Structures are given as structure tokens and as C-alpha cells.
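Here is what each chain is made of, one letter per residue.
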Amino acid sequence: MAREGRYAERAGYEDLEATGYGNLPAWAEGEPALFWTAADRHERANGATYREIEIALPRELNPAQRQALVLDFIRQEIGERHAHQWAIHNPGAALAGGEQPHAHLMYSERTLDGIERDPEQYFKRYNGKHPELGGCRKDSAGTEERLLETRQRWAEVQNAHFQQHGHAARVDHRSLADQGIDRAPEQHLGGRRVRQLAPEQREALLERREAEDELRQSQRELAPLDLSQHLHELTAAAQHREQEEQAARMAEARAYCRQALDEFRAELARQAERERALEAERERLQRLEAERERPQRPEPEQAPLLEPLPAIGIGSPAFAERLQAALAETMEQLQAQREQAQEPPPQRSRGFDMEP
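For every chain, the first residue of the written sequence is number 1, and numbering continues from 1 onward in sequence order. In keeping with the predicted nature of the model, local features appear solely for residues at pLDDT of at least 70, side-chain atom pairs appear and are counted solely at 80 or more, and the whole-chain, interface and lining totals rest on all residues. Based on all heavy atoms of the structure, the side-chain values leave hydrogens and waters out of the count.

1. A look at unusual backbone geometry
What counts, and what does not: Counting from the N terminus, the helices are DSSP H or I runs at least four residues long and the strands are E runs at least two residues long. For the exposure calls, accessible area comes from a 1.4 Å probe over protein chains only, and a residue counts as buried if that area is under 20% of its type's maximum, exposed if over 50%, partly exposed in between.
The backbone phi angle of Asn23 is positive, close to 60°, even though this residue is not glycine. Note on placement: Asn23 falls in the loop between strand S1 (16–22) and helix H1 (32–42). Classification of Asn23 as partly exposed rests on a relative accessible area of 23%.

2. Description of the pattern of salt bridges
Where we set the bar: Salt bridges are defined as contacts in which a side-chain nitrogen from Lys or Arg sits within 4 Å of a carboxyl oxygen from Asp or Glu.
On inspection of all chains with the given rule, the structure shows 15 salt bridges. Here Lys138 and Glu109 are joined by a salt bridge, their closest N and O atoms 3.6 Å apart. Here the residue Lys138 occupies a position in the loop between helix H3 (119–122) and helix H4 (144–164), and Glu109 occupies one in the loop between strand S4 (102–107) and H3, the gap between them amounting to 29 residues. Exposure remark for Glu109: the relative accessible area of 3% places this residue in the buried category. Each member of the salt-bridge network shares a partner with another, and the members are Glu43, Arg51, Glu109, Arg110 and Lys138.

3. Things to note about the side chain of His102
Selection rule: The term polar contact refers here to a pair of N or O atoms within 3.5 Å; inside protein, the definition further demands a hydrogen-donor-capable atom paired with an acceptor-capable atom, and it admits residues adjacent in sequence only when both atoms are side-chain atoms. Only heavy atoms matter for contacts: two residues are in contact if any of them lie within 4.5 Å across the pair.
Considering the arrangement of structural elements, one finds His102 in strand S4. Within the structure, the side chain of His102 is placed 3.2 Å from the backbone oxygen of Gln100, a separation counted as a polar contact. At a separation of 3.3 Å, a polar atom in the side chain of His102 contacts the side chain of His104. Look past the residues within four positions of His102 in its chain and what remains in contact with it is Glu54, Ile55, Ala56, Leu57, Ala87, Ile88, His89 and Pro91.

4. With respect to the packing of aromatic side chains
Definition in use: Pairing of aromatic side chains here covers Phe, Tyr and the six-membered ring of Trp, requires ring centres within 6.5 Å, and sorts the geometry by plane angle: under 30 degrees stacked, over 60 edge-to-face, intermediate tilted.
According to the stated counting rule, one finds 9 aromatic pairs in the structure shown. With a centroid separation of 6.5 Å and 70° between ring planes, the pair formed by Trp27 and Phe123 is classed as edge-to-face. With Trp27 in the loop between S1 and H1 and Phe123 in the loop between H3 and H4, this residue pair connects regions lying 96 residues apart in the sequence.

5. Some points on the packing of helix H2 (residues 63–77) against H4
The cut-off we apply is this: An axis is simply a line fitted to the C-alpha atoms; with a helix, the fit covers only the stretch in contact. Between two such axes, the angle follows the N-to-C directions and lies from 0 to 180 degrees. Relative orientations are named as follows: roughly parallel for angles under 35 degrees, roughly antiparallel for angles over 145 degrees, roughly perpendicular for angles from 65 to 115 degrees, and oblique for any other angle. The handedness criterion is simple: a crossing whose near helix is rotated anticlockwise from the far helix by less than a right angle is left-handed, and one whose near helix is rotated clockwise is right-handed. We call Asp, Glu, Lys and Arg charged. Ala, Val, Leu, Ile, Met, Phe, Trp, Tyr, Cys and Pro are nonpolar, and the rest, Gly among them, are polar.
For the pair H2 and H4, the least separation of the axes is 10 Å and the interaxial angle reads 140°. Relative to H4, the element H2 is oriented oblique. Pair H2 / H4 crosses with right-handed handedness. Here Ala68, Leu69, Asp72, Phe73, Gln76 and Glu77 of H2 come into contact with H4, specifically with Thr150, Arg153, Trp154, Val157, Gln158 and His161. In terms of residue class, the contact of H2 with H4 is made up of 5 nonpolar, 4 polar and 3 charged.

6. Considerations on the sheet that holds S1
Worth spelling out the cut-off: In this analysis, strands are considered paired if DSSP registers two or more bridges between them.
The strand order S1-S3-S4-S2 describes an open sheet built from 4 strands, whose pairing is antiparallel. What marks the edges here is a single partner per strand, and that holds for S1 and strand S2 (51–56). Between one strand axis and the next, the sheet turns through 10° on average, direction left out of account.

Nothing here speaks to function; it is all geometry.
See below:
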């Protein structure tokens with residue numbers, strides 16, 4: 001599939017367009033061949049080593065678009081649940097020539113659960129009570145119901161990529177009978193059987209294909225327009241536009257409200273500042289008015305500490321007489337204080353004082 005190993009240089013295997021892998025366990029990281037070898041060795045004898053999905057790819061898409069289509073399908077179908085490997089081949093068509101792109105997807109039915117296991121344990125039987133003691137759980141996809149669901153999902157993702165890249169072509173996963181087409185499906189011959197056909201048989205097959213393609217094209221052109229589907233698409237587009245316009249209006253309204261709120265808060269701050277300034281000015285004026293109305297008391301004159309002495313010279317007779325008088329007066333006061341201190345204190349009466 002990936003044209004590796006002994007198939008790398010094999011003639012006729014130059015058709016590999018792209019390849020890749022994913023979700024490999026740690027012991028096989030970067031080596032998908034090691035994973036499949038371990039699956040062949042350790043998987044139960046009656047168990048499927050791998051599942052393979054082979055899908056035809058549209059010629060309308062270029063190689064990069066085809067690879068994106070395959071990866072998108074793998075994300076939806078496999079996700080992060082199964083170890084897998086894929087490859088896109090584009091050999092020449094054996095009958096009509098030209099491109100014949102298709103993809104191979106191999107994946108293990110073992111479901112990853114985050115538990116580290118060695119190669120032998122990885123493919124053991126699952127242990128429901130103790131998952132760490134058993135192997136990975138298997139998700140069997142080999143039923144007809146699962147196959148039909150896979151075909152439907154592949155058609156849906158393919159049509160989505162057709163629409164994304166502007167192609168009018170569409171595919172239908174249903175059988176010809178379910179689509180109301182009254183003809184037998186064409187059998188795939190393969191390169192070997194085509195080479196065994198006679199020239200006239202090849203020509204007949206090509207003419208039949210061309211006629212069937214023209215018939216399908218004319219049926220698509222003459223088929224009545226599916227008004228319900230068309231109306232549904234128009235309604236969905238209108239709803240999408242309305243939602244976008246409503247979201248834009250809401251964003252504009254929120255921006256306007258934020259701007260108005262910011263301006264209102266700024267105005268409140270400015271008004272509060274003006275009120276504080278006015279209040280401070282009122283308090284200042286009130287203090288000035290109170291000071292003006294308060295009566296002014298005259299300040300008392302401070303008496304001199306000492307009476308001024310007459311201008312008397314120290315050596316004059318008058319000064320000597322006055323000094324002697326002051327000394328005599330001072331001595332008399334001291335003598336009186338001394339006598340007063342020596343007098344005994346009067347005795348306190350213990351009863352009624354009786355005069356004789």
C-alpha cells in the first residue's frame with residue numbers, strides 16, 4: 001500500500017501520490033510496518049488483523065485537494081480511536097486511460113484507551129474489569145449496517161469538498177435501484193482482465209460508458225428542481241446572514257453603551273470635583289466672615305516688672321540713706337517672721353469652753 005520495503009522499487013508501483021499514518025502506540029511510533037507485523041504475530045487466530053477501506057477519489061480535484069479530502073474523512077471516521085495508515089494511488093486507467101485516483105485506508109479494530117501496553121498485551125483479549133491487565137477493546141466494523149453508514153459518510157464528506165471547490169458534481173452512496181436507475185451496475189474488470197479483452201470489446205465498453213454518462217447528464221438537466229432542498233438552502237443562508245447582521249448590531253450597541261457609560265462616569269467625576277472646590281470656597285468665606293464679626297479685645301498693657309529707679313548715683317549720700325532704710329526694713333520683717341514661728345500653737349478644746 002505505502003510502497004515500502006521490497007515494493008519501493010517495484011515496476012508498476014510508481015503511482016503513489018501520498019501516504020501517512022496516525023495513532024500508533026509508543027512502541028511503534030514512526031514505524032507503521034512494525035505495528036502491522038506485531039498485529040500479524042499477536043492478534044488472535046480468529047480475529048481481524050486490520051480493516052481496509054478502499055475509496056475512489058474524484059478526478060475533479062487536484063492532488064492536494066484529494067489529500068485534504070482523505071484526511072478529512074479519516075478525521076471523521078477514525079479520529080484518535082484507532083491506529084491507521086493510508087495511501088493515495090493514481091495509476092492510469094486500464095480501459096479509458098487518464099487518471100484513476102483512489103485511496104487505501106488500513107486501521108486496527110483495537111480502540112486506544114490511554115493505557116500503555118507492550119506489543120503482546122496490546123492484541124490480547126480485552127479485560128472489562130481490569131482493562132490494564134488485558135488488551136485494547138475491539139470495535140468490530142465488519143457488519144453490513146456499519147458498511148452502509150461508512151459509505152454514506154464518505155459520500156457526504158466528498159460532496160462537501162465538491163461544493164467547497166466549486167464543482168457541480170455530486171455522488172450518491174445508494175445503490176442504482178434505490179436511486180431509481182434501471183440498469184445493472186458495471187463490473188470492475190481490473191488491469192489484467194482489460195488487457196485480455198479484444199479491441200472491439202474495449203470499444204463497446206467505452207461506448208456504453210459514454211452513453212450512460214450522457215444519459216445521466218440529461219436526466220440531471222431534465223430532473224425537476226428540488227424546491228424543498230432549494231428553499232432549505234436559501235433559508236439557511238438567510239438565517240446565517242441575519243445572525244451575522246444581528247451579531248454586528250449587538251457589537252455596535254455594546255460599543256456605544258460602553259462609550260456612553262465612560263462619558264457619564266467622567267462627567268460625574270468632573271461634577272464631584274467642582275462640588276468639592278465650591279465647598280472648600282464656602283468654608284473659607286465662612287471663616288473670613290466669622291473673623292470679621294468677632295469683637296476685637298484690646299490687648300492689656302504689660303506693666304513694667306520694676307518701677308524705674310530714680311537716677312541716683314551710687315556714691316551719693318541719698319543712695320546710702322535709702323539702702324540703709326531698706327536693710328533695716330528687711331531685718332524687721334525677718335525678726336517678726338522668726339518670732340511668729342517660735343510661738344506655741346493654740347490647744348484645741350476637747351469639750352465645751354466654759355468661761356469662768
